[in-house]
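# Per-entry structural report
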Amino acid sequence: MRRDRLTGHSQAEKPLTDKFLTGNLAALFTTALLAATVATAGVARADDAPADSKPYVVENGRVDHHVFNGYRRYGDNCLRCHGPDGAGSSYAPALVDSLKHMTKEQFENTVINGRQDVNTANQNVMPPFGLNPDVVENLDDIYGYLKARSDGVLGRGRPKKIGDDDDN
């Protein structure tokens, strides 16, 4: 019978903690890496902004590059379930309503780790997007876009960018 070189245990005798650590080491590493990515993704914007500032820039109905990028990334990754402009669908809730009472940290946690609310009345499941770099690397922009919609400062539809003329 083969034995582990380090512990001397056979595979059948291997302690439960060793099995847990071995089986979940990749998941633990991935979670730590994603947390570091999210924590540093918006550093340049967060350090320059006052503590009470909004996570978006909207001037006369026009948005900055970050909010426009959030609109695009939302359309690529979130729209199929949460509907156009974060307004919700029969499949997933309206994010413009959710962000009225959800913190940014709660939003990030839900997007990265997903959510399951399965009981006799509901079967709501959101898959985790923590391994999708298109979402994780643009999470601040997606949040900024949705928060602007939630706060009522940005209407529905494709936003115009600050500095664009009316023909674009």
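One numbering rule holds for all chains: residues counted from 1, following each sequence as written. This being a predicted model, a pLDDT of at least 70 is required before a residue's local features are given, and a value of 80 or more before pairs of side-chain atoms are given or counted; all residues contribute to the totals for chains, interfaces and linings. Heavy atoms from the whole structure form the basis of all side-chain values; hydrogens and water molecules are not counted.

## Brief notes about the pattern of salt bridges
We apply this condition: By salt bridge we mean one thing: a side-chain nitrogen of Lys or Arg within 4 Å of a carboxyl oxygen of Asp or Glu. To qualify as a helix, a DSSP run of H or I must reach at least 4 residues; to qualify as a strand, a run of E must reach at least 2; elements of each kind are numbered from the N terminus. Partly exposed describes any residue whose relative accessible area lies between the buried limit of under 20% and the exposed limit of over 50%, with all areas from a 1.4 Å probe on protein chains only and scaled to the type maximum.
Going through the model one piece at a time under the given rule, you end up with five salt bridges. Between Glu108 and Lys104 there is a salt bridge; the shortest N-O distance is 3.7 Å. Of this pair, Glu108 and Lys104 both sit in helix H6 (residues 104–113), four residues apart, roughly one helical turn. Of the residues examined, Glu108 reaches a relative accessible area of 14% and is grouped as buried. Between Lys147 and Asp151 there is a salt bridge whose closest N-O contact spans 3.4 Å. The partly exposed category is assigned to Asp151, whose relative accessible area is 31%.

## Quick look at unusual backbone geometry
Despite not being glycine, Asn60 has its phi angle at roughly 50 degrees, a positive value. Along the polypeptide, Asn60 turns up in the loop between strand E1 (58–59) and strand E2 (62–63). For Asn60, a relative accessible area of 82% corresponds to the exposed category. Notably, Asp85 is not glycine yet its phi reads approximately 60 degrees, a positive angle. Secondary-structure assignment places Asp85 in the loop between helix H4 (79–82) and helix H5 (95–98).

## A short note on the side chain of Asn77
The following threshold applies: Throughout this description, a polar contact denotes any pair of N or O atoms lying within 3.5 Å of each other; where both atoms belong to protein, one of them has to be capable of donating a hydrogen while the other can accept it, and for residues adjacent in sequence the pair is counted only when both atoms sit in side chains. We call two residues in contact whenever any of their non-hydrogen atoms come within 4.5 Å of each other.
Secondary-structure assignment places Asn77 in helix H3 (residues 65–77). Among the residues examined, Asn77 registers a relative accessible area of 11% and is labelled buried. For Asn77, the side chain forms a polar contact with the side chain of Asp134, separated by 2.7 Å. Leaving out residues up to four positions away in the same chain, Asn77 has contacts with Phe129, Asn132, Asp134 and Val135.

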